[in-house]
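Structural characterization, general
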Amino acid sequence: MTTTRQIPNRRNPIQPISNMIRSFVYAMNGRWHKLGMQIFMIVTIAHISEHIIQAYQLWGLGWPRPECLGLLGLWKPWLMRSEWLHYGHALFMLLGLAIFRPSFHGKARLWWDLALGLQFYHHFEHALLLGQAVIGQNLWDSRVPISIGQIWFPRLELHLFYNLMVLIPMMIAMYYHRFPPMNEGRLV
């Protein structure tokens, strides 16, 4: 008499997480699309506003560069000097652009993808900065964490530029998303 051993039913441990992510993305591009986009844009506009305020503090008010920390920096200076905050926002933007991507079609998708690609690089730069801060070793013997773009441009101006370069195609995409050209029709 032979005995057969029963193999236990082993589920893929990643499957529930994958299903949750898929459901979340589906909801953010469906029933929660308007609210999700509003929250995403409020955070985005607040962030770019901080960069504009920093630029005004530097060029308009003539403050020393280390004191140009925006409104949040006036309230909590340590927070603005934290690489975690900057990386967290870069990741938030990257994920937001990826999550909302399925809702964009035609010209809107083209511009949204451009913003996503630019944000991918911006995120890479912040990951580089965070990595240096975490391990305590800066690139190119710099006394502070430094990104690739900072080799040529000061950080304040560089990150204002990066954020504007993501915001501009994102706003164009949102325009085409809301008012698609006649030959594309309204899909969402």
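Scoring rules and cut-offs
Residues numbered from 1 in each chain as written. Predicted model: local features only at pLDDT ≥ 70, side-chain atom pairs only at ≥ 80, totals over all residues. Heavy atoms only, no water. Salt bridge = Lys/Arg side-chain N within 4 Å of Asp/Glu carboxyl O. Helix = DSSP H or I, 4+ residues; strand = E, 2+ residues; numbered from the N terminus. Buried < 20%, exposed > 50% of the residue type's maximum accessible area, 1.4 Å probe, protein only. Polar contact = N/O pair within 3.5 Å; in protein donor to acceptor, adjacent residues only side chain to side chain. 1 Å grid on protein atoms, 1.4 Å probe; cavity = no way out; pocket = protein on both sides within 12 Å on 5 of 7 lines; lining within 4 Å. Points joined across faces, edges and corners; volume = space filled by probe spheres on them. Nonpolar A, V, L, I, M, F, W, Y, C, P; charged D, E, K, R; others polar.

1. Looking at the pattern of salt bridges
If you walk through the whole model with that rule in mind, you get 3 salt bridges. With its nearest N and O atoms 2.8 Å apart, the salt bridge here joins arginine 155 to glutamate 83. Separated by 72 residues along the polypeptide, arginine 155 in helix α7 (residues 155-178) and glutamate 83 in helix α5 (residues 83-100) bring together distant segments of the chain. Residues aspartate 113 and arginine 101 are paired through a salt bridge, measuring 2.6 Å at the closest nitrogen-oxygen approach. Of the two residues, aspartate 113 is situated in helix α6 (residues 106-135) and arginine 101 in the loop between α5 and α6; the sequence distance between them amounts to 12 residues.

2. Points about the side chain of serine 103
Position of serine 103 among the secondary structure elements: in the loop between α5 and α6. For serine 103, a relative accessible area of 2% gives the class buried. Side-chain polar atoms of serine 103 contact the side chain of asparagine 29, separated by 2.5 Å.

3. Some points on empty space enclosed by the protein
As enumerated under the stated definition, the model contains 2 cavities of 30 Å³ or more in all. Reported here for the largest cavity is a volume of approximately 60 Å³. What lines the largest cavity is Thr44, His47, Ile48, His89, Met93, Gln119, Asn163, Val166, Leu167 and Met170. Elements represented by at least two residues in the lining of the largest cavity include exactly α2 (33-60), α5 and α7. The element best represented in the lining of the largest cavity is α7, accounting for 4 residues. Of the residues assigned to the lining of the largest cavity, the class counts are 5 nonpolar, 5 polar and no charged. Considered as a void within the structure, the second largest cavity measures approximately 30 Å³ in volume. Lining the second largest cavity, in full, are His47, His51, His86, His89, Ala90, His122, His126 and Asn163. Mapped onto the lining of the second largest cavity, the elements with two or more residues apiece are α2, α5 and α6. When residues of the lining of the second largest cavity are assigned to their parent elements, the largest contribution, 3 residues, is made by α5. Looking at the lining of the second largest cavity residue by residue, the classes come out as 1 nonpolar, 7 polar and no charged.

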